[in-house]
Every structure is written in C-alpha cells, then in structure tokens.
Amino acid sequence: MILNIIILIIEVAVVLGVLLLHVAYAVYFERKILGHIQARLGPTEVGPLGLFQPFADLVKLFFKEDNIPFGADKFLFTAAPVIVVTCVMTSFSVLPFAAGWVLANINVGLLFILAMSSLGVYGIIIAGWSSNSKYAFLGALRSSAQIISYEIPMGIALLAVLIMTGSLNLSDIVYAQDKLPWGMFIFPQIIGFFVFLVCALAETNRTPFDLPEAETELVAGYLTEYSGFRWGLFFLAEYSAMYVMSSMLTICFLGGWTLPPFLTNLLPILNLVPGIIWFLLKVYAIMFFYIWVRGTVPRYRFDQLLKIGWKLLLPLSLTNLFIIMIIKKVFMP
Amino acid sequence: MGSMEVKEIKEQILTTQNVCILPEVEDNLETKEMILNMGPQHPATHGVLRLVLRLDGEEIVGMEPHIGYLHRGIEKLMESKTYAQALPLTDRLDYISSPANNTAYAIAIEKLFGIEAPIRAKFIRTIFCEMARISSHLLWLATHALDIGAMTIFTYCFREREWLLDLFEMTVGARLLTNFARIGGVRCDISPEFVQGLRDFTKEFPSRVQEYETLLTKNPIWMERTIDIAQISGEDALSWGLTGPCLRGSGVDYDLRRDCPYDAYPYLKFHVPLGENGDVYDRYLCRMEELRQSNEMLKQLLDQLPEGEIISDDSPDFVIPTPPRQVEGAGSAASAFITLSKERKMINTGDLYSAVEVPKGELGVYVVSDGSGKPYRLRLRTPSFVHIAAMPALSVGHMVADIIAIIGSIDIVLGESDK
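A quick note: this is a predicted structure, and the numbers were derived from the prediction, not measured. (Residues numbered from 1 in each chain as written. Chains lettered and ligands numbered in written order. Predicted model: local features only at pLDDT ≥ 70, side-chain atom pairs only at ≥ 80, totals over all residues. Heavy atoms only, no water.)

Caption draft 1: Up close: the overall build of chain B. Of regular secondary structure, chain B possesses 18 helices and eight strands. The proportion of buried residues among the 419 residues of chain B is 57%. Of the contacts formed within chain B by residues at least 6 apart in sequence, a portion of 70% connects residues at least 24 apart. With the model as given, the accessible surface of chain B reaches about 17,500 Å², and the carbon-plus-sulfur share is 55%. (Helix = DSSP H or I, 4+ residues; strand = E, 2+ residues; numbered from the N terminus. Buried < 20%, exposed > 50% of the residue type's maximum accessible area, 1.4 Å probe, protein only. Contact = heavy atoms within 4.5 Å. Areas by Shrake-Rupley, 256 points an atom, 1.4 Å probe, with all protein chains shown as cover.)

Caption draft 2: Highlighting the interface of chain B and chain A. Contacts between chain B and chain A engage 40 residues on the former and 33 residues on the latter. Buried area between chain B and chain A, both sides added, is near 3,200 Å², and the carbon and sulfur share of it is 62%. Scanning the region where chain B abuts chain A turns up one salt bridge. Between Asp402(B) and Arg301(A) there is a salt bridge; the shortest N-O distance is 3.1 Å. Viewed at the interface, chain A and chain B are joined by 10 residue pairs in polar contact (both at pLDDT 80 or more). For the side of chain B that touches chain A, the class distribution of residues is 24 nonpolar, nine polar and seven charged. (Buried area = accessible area lost by both parts, 1.4 Å probe. Salt bridge = Lys/Arg side-chain N within 4 Å of Asp/Glu carboxyl O. Polar contact = N/O pair within 3.5 Å; in protein donor to acceptor, adjacent residues only side chain to side chain. Nonpolar A, V, L, I, M, F, W, Y, C, P; charged D, E, K, R; others polar.)

Caption draft 3: The packing of aromatic side chains, seen in detail. Applying the stated criterion across every chain, the model contains 29 aromatic pairs over all chains. Put simply, the rings of Phe29(A), Phe92(A), Tyr243(A) and Tyr284(A) pair up and form one aromatic cluster. Across the ring face of Tyr156(B), the terminal group of Arg159(B) is positioned such that the distance to the ring centre comes to 4.8 Å. Positioned above the aromatic ring of Phe385(B), the side-chain terminus of Lys419(B) is 4.9 Å from the ring centre. (Phe/Tyr/Trp six-rings, centres within 6.5 Å; stacked < 30°, edge-to-face > 60°. Lys NZ or Arg CZ within 6 Å of the ring centre and 35° of its normal.)

Caption draft 4: Just helix 4 (residues 98-113) of chain B, in detail. Residues and elements named next belong to chain B. The terminal C-alpha atoms of helix 4, which comprises 16 residues, lie 23 Å apart, in line with the 22 Å expected from a rise of 1.5 Å per residue. Burial runs high along helix 4: 15 of the 16 residues are buried. Downstream of helix 4 by a residue or two, Gly 114 has a phi angle that is positive, lying close to 65°. (Expected span 1.5 Å × (residues − 1).)

Caption draft 5: Just the nonpolar core, in detail. Counting 92 residues, the largest nonpolar core has Leu170(A), Phe196(A), Met248(A) and Tyr290(A) as the members making the most contacts within it. Residue contributions to this core peak at 14 residues, all from helix 9 (residues 228-253) of chain A. Ignoring any residue separated from it by four or fewer positions in sequence, one finds Tyr290(A) in contact with Leu197(A), Ala200(A), Leu201(A), Arg206(A), Met242(A), Met245(A), Ser246(A) and Leu249(A). Judged by nonpolar contacts, the second largest core, of 59 residues, contains Ile127(B), Phe194(B), Leu301(B) and Leu363(B). (Core = buried A, V, L, I, M, F, W, Y, C linked by side-chain atoms within 4.5 Å.)

Caption draft 6: Quick peek at the environment of Tyr366(B). All names here are of chain B. Topologically, Tyr 366 is positioned in strand 7 (residues 361-370). Taking the C-alpha atoms as reference, Tyr 366 lies 14 Å from Pro 383; in sequence the two are 17 residues apart. Separated by 2.6 Å, the side chains of Tyr 366 and Asp 351 make a polar contact.

Caption draft 7: Spatial organisation of the pairing of strand 3 (residues 59-66) of chain B. Residue and element names in this part refer to chain B. In this sheet, strand 3 lies alongside strand 2 (residues 50-56) in antiparallel orientation, the contact comprising seven bridges. Across the sheet, residue Arg 54 finds its bridge partner in strand 3, namely Gly 62. Hairpin remark: strand 2 followed by strand 3, antiparallel, with two residues in the connecting loop; positive phi at Gly 57, about 70°. (Pairing = 2+ DSSP bridges.)

Caption draft 8: The arrangement of unusual backbone geometry in detail. Here the phi dihedral of Leu49(A) falls at roughly 60°; this positive angle occurs in a residue that is not glycine. On the secondary structure map, Leu49(A) appears in the loop between helix 1 (2-37) and helix 2 (53-63). Owing to a relative accessible area of 62%, Leu49(A) belongs among the exposed residues under this scheme. Even without a glycine there, the phi angle at Ala230(B) is positive, about 55°. Tracing the sequence through the fold places Ala230(B) in the loop between helix 8 (220-226) and helix 9 (234-240). By relative accessible area, which is 0% here, Ala230(B) ends up buried.

Caption draft 9: Structural context of the pattern of salt bridges. Residue and element names in this part refer to chain B. Applying the stated rule across the entire model yields 37 salt bridges over all chains. Residues Glu 75 and Arg 379 are paired through a salt bridge, measuring 3.4 Å at the closest nitrogen-oxygen approach. Note that Glu 75 is positioned in helix 2 (residues 74-79) and Arg 379 in strand 8 (residues 375-381), a separation of 304 residues in sequence. Given the relative accessible area of 32%, Arg 379 is considered partly exposed. Notably, a salt bridge pairs Asp 91 with Arg 92, separated by 3.8 Å at the nearest N-O pair. Taking relative accessible area as the criterion, Arg 92 reaches 36% and is therefore assigned partly exposed. Taken together, the shared-partner salt bridges connect Glu 130, Arg 133, Arg 248, Asp 255, Arg 257, Glu 290 and Glu 357 into one network.

Caption draft 10: View of the sheet that holds strand 1 (residues 34-38) of chain B. Pairing within the open sheet is antiparallel, and its three strands lie in the order 1-2-3 (chain B). A single partner strand is all that each edge strand has here, and the edge strands are strand 1 and strand 3 of chain B. Strand-to-strand twist in this sheet, taken as the mean axis angle between neighbours without regard to direction, amounts to 20°. The strands that helix 5 (residues 134-165) of chain A touches are strand 1 and strand 2 of chain B; relative to strand 1 of chain B, the one it contacts most, it runs at about 115°. (Axes fitted to C-alpha atoms, helices over the stretch in contact; angles between N-to-C directions.)

Caption draft 11: Structural context of the sheet that holds strand 8 of chain B. All names here are of chain B. Taken in spatial order, the three strands make up an open sheet running 6-7-8, and their pairing is antiparallel. Each edge of the open sheet carries a strand with a single partner, namely strand 6 (349-358) and strand 8. For this sheet, the mean inter-axis angle between neighbouring strands, taken without regard to orientation, is 10°. Looking at chain direction, strand 7 and strand 8 are connected through six bridges and run antiparallel. Bridge assignment links Val 368 to a residue of strand 8, and that residue is Arg 377. Contacts from helix 4 reach strand 6, strand 7 and strand 8 within the one sheet, and its direction differs from that of strand 6 by about 150°.

Shown next as structure tokens:
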C-alpha cells in the first residue's frame, strides 16, 4: 500500500519534471522560431545557441521583487496563480504519451480535461478582480467571456470524437483510431479538427485571440499587476495549457502515439521507433503551427472574436457532429 | 502626520478613484460609465500622450486627449536664438523625420530674407526629405501593425529603416537628429558611396513594400480591424484641419509638394494617392502608395542630381572651417571654429507663413522678424498637434481596441505636438 503510494509519487514527480522541462523549452522554441520568422536570431547568449535561456529566465523571475499592489485583495491575489497552475498541471495526469504511459488511466479523461480548462477561468477572473486595476479587470472580463464562448464549439467538436469512439478514455480514443486504415480521426472529422484548432488558440490566449493580454490595449490584461514568480506561474500555466491543447489535438485527431497502419505496412522499420517520439513530433508540429500563426496575423477585436465563436465555429461544429452521426450510422454500424 | 491619517487618505483616494468597488447591494443595478486613464505611460500611445476615456463596457462614449508631457518650449527658445542657432531645435519636433523639419524651417527663413539656395543643395535637401518620409512611414507601419497585433511587420520595417538610417549616418554622422539642412543650402555634400547606397536601396525597396502588403493588405483580420474605423468625410477632415495622408485618405486632393512646389519638387513626376472612405484602412493604403511614390522620386532625384555648390554665399552664420587653417594661430580646434563663424546679422523686418509637406502633414512656420537678428515670434503649425485635436471626434462610438488603431492611423509624434 505504502509502496504503491511511493511509486505513484515518484511517477508524478518524473512526469511533472519532464513536462516542466518541455514547457520551459517550449518557450525557447517559440522565441527561437519567432525570431527567425522576424528576421532576427532569438536567444543566443546563455549557453550554446542560447539553450540555457529558460533557466536564466527562471532564476531572474525568482529574484524579482514580489509586488502586491496597494488595495489588492491579498488572499485572492496570491491564490489566483496557484489555481491557474494547478488546473493546467492536473490535466497532464490523464494524457497518454504512449501505450500505457499515463498517470491516471481514468474513464472520463476527456471530460476531466474540459473540466480543468474551465476551472482555470476562475484563476484568471480572480486575478483580474483582486488586482484592483482597471486594465486587469477589463482583461479578466474579456478572458472569461472568451474562454466560456469557445468552450462550447470545442466541446461539440469533441462530442463527434466521442461518437466515433464510444469512450471518454483518452487511450481508448487512440486505440479506436488505430483500427481505421488511415489511422487518424482527422478524416472524416476535418471540420471538427479545424474547429478544435481554432478553439485551442482561443483557450490558450494565443494570437489572433490574445485579447485578454493584448499588450498594446490593456497593457498586459489580467497579468498587469503581477510580477516576479507569481507572474512566472501564469506564464508557466499558459505554456502548459498550450502543451495540453496540442496533446489533445494529437490524441483526438492525429492518432496519438500511433502511426497510420498503411505507413507502417509500407515501412515496417518505423515500428521500432517508440510511440512517445511520434507523439512528441505531432505535438511539436502543432506547437510550431501556433507560433507560426503568432508571427503572421494581427489580433481580432473583442466583439469580432465573440462573433466568430458563436456565429461561425458553433454552427461548424454542429455540422461536423451531424456529418459524423450519419457516417457512424451508415458506414460503421 | 500620523500613520493613521496616511491610511485614511489612501483609503479616501481608493474609494474615489477606483472602479472595482461596486455600489451597495441595496442600490438598483444601474450601470455606470468607467473612466480609464490611458497613458501617459502606455505601450500604445506612441510616447507620452494621455487619453482619458469614458467607457460604457468596452465602447467609448467620451474621450479627452491631454498633451504637454513632452513640452520643451521650442517656440519660445527659438526667440532667444539667432536664426541659424534656432535650426537644431527643429530636429526635436518630429524626431523621426528631422530632415523634413529642418527643410521646412530653412525654406521659411530663406523666403523671409530672400536667400536662394543653389540647385544642388535643393536636390540634396529633397533627397533627404524623401528618405525621411520613407523612414517615417516605415516607423508608422511598424508600430501601427504592432499595435493591431501583427508583430512580424515590426522587425521587417525596422530592417529597411536601419538601411536608411545608415545612409544618414554615412553623410551626417547622426542617425535620427540629422540637422542637415542649412539656411541657404545643406551642411555637407553627399558622397558617391552615399549615391550608390541609395540607388541600391531604391532598387530593393519596392519588393519589400510588396512583402508588407502581402502580410497586411488583403489579410481578413487586418481588413476587419481597419475598414470603417474612424471614418471621416472630406469636409470634416478639412474643418478639423487634418493634412497629409489623413486628409488624402478622405479623398481631398491636397499635397503641398505638387500644389505649391518647393526645392526640387518642380523637377519631379509623381502622383498623389487618394483614399475614398477616409477610414483607417484608406489612410493605410495611401501611406503604402506614398512609400512607393517616394521611392520613385528618389530614383528621379538621383538621376537628375546636378553638380555645383551646396551652400549659398549669403547664407548666415555659416563658415565651413577647413582643417589646416582652423588650427593655425588658435589654441584649440573649438576656439578656431568660434572665431571663424562670426554672426552675420539679418536685419530685414516683416512676417511670413511658409509650409512644406512633411511625412505627417503640413508643417507650417510663421515667423515675425523685427530686425534684431532673432525671430520676434516663431510659431510652428505642427500636424500632430492638429491631428490629436480630432481624436475625440474620430473615436467616439468605437471600442477600446479601436483606439490604438486610430492613434496609429493618424500617425502622431508627441515631440511635434507638445513642442
């Protein structure tokens, strides 16, 4: 019994450690790619090719002054970053990285992740409220409206995946895709994939939906009054959320850690590569797409953003659901 | 003062100034306007502009711009300097296109005292003016796009702007505050390397403009953010006193370079781009076309560049110290310079208004001379000052996010508006 608990704690520590390292390097990855998109170099100074930059940033954040503005609600102000980080980190526990590589193989994995990303909004709105600043307050209002609006099309897009699989267990979703000859749910759910991709951009506050922290209008949105390590926690949560969303896309639409069967039949040598490699490759391809989008497009206005969510993505996701229901009934009884 | 009192005062300030405190529960749920202070320290106000916004939700119901945070008293300072000494102050007006300001001032003083600059000097001044226009428009595009969220354009524009600044540096030694024009000519001649460098730039630049346009002009998000925002009709723009691309974006065909040509502009062929709707998008298109036109003008100027003197003989306060003679008989180089540049009094009397087209609009110089060798009064009609006044009319009814698009599109520089 005690042994099991110890093993579990070690597992959690290992997964969390490895993931945090990934998140730290996701920042480096973004800065480097964005730099090259923008005709500059990105980090180069700390270590070879700037590889130790994430650690330098971490040390810097640790030693910064921890400032709580006068008139702020101290308890909520301190609690908000913790809520945000906890919600995102908990999502990691149900993500399968390869066959059997999952901390908690629960049967409601999909729902769990949706629930956690919804709970994260509390952290944001509390942060905006407790900061006692107008910019933070506006940012928090925007953010909560945005995340709630985009959760609906996202949930409906995932509902179609659910219909195809018949299970909420994330590993089962991957196994279900493996049975298809092309090995991915992206066909026939191409619309669902698109909807999820756009919603994931909005859920993680990425360009073109980065309104909550639109630097040029709201200074830094709900983050305005945060500094030092509390700010670092928000930052960590944001990049972890990006990681979670990319993993969800990989698991639900791109076949997780598996390769399409026709590809492995053609080149059997690919079977020797461990599944985690394919998983990470797919995740990083999606992350690269996010960064590419950030380097290319401007930002939407708040009303335009809500209009897209309700008037474009919601009907699209319902269409997708309808198509998938017909396909399921007619071709895969 | 006791610590209790301090605390009370702080609490008082908090209750009177803060939004986050909501009315008591017993009150009925009336909505209240929120007052948001944007600036003077804010990433999107392009300097130290302060906007007091009255917001209903995210919609702007009222707006009041406050200027003066960068006031240096340039007009008053100029009254205490001789005409030539006042010239460097004009650099500090619109500090991102200083050659254009210098030229505006120099032309006004030349007209007042009947000094005629040599033809080569006029061409060189015009070359610098057009370079300044391109560099100013590049900075405008960079910040305007960054404000709306397209961050890549920013570095692309700065890449080309660097090129121009390097060319400035090659001739003058300074990158931003060039102080290049002189009353009756220019400070120094341009070198063949400079001409070659500029030719390379003009060859390369149209493809770069194309690159910016690929990223923005037909981008649906960019179009949604800019079309129909801050629309102003031609008549309204005229009555607000808008000039430059802000006026031409509304379809009013008015460009001093063509309508009242000065320096080398009579020798150039160019067309003045016009907008139709007078919104942020049309002003954007106008400026993009102006970038191309300026590039064409630079090509023509380099082709037609005549030989000759660079400074008129009757230019005041201007003696070029030649290095060997400078040291002769003087303790140091600096004192030799002082002895050589004796002040020549300009004692004509009269007053005059003269205006030129700077990148942001019409820069007018009104100068009154009482024969003392210093301006009795010197008034600068700077475009940014006039444009800021039109901001409330442009922005009421739009949303907070549009404010930054509007600030970007009227292209203000606070150094120029606060003077």
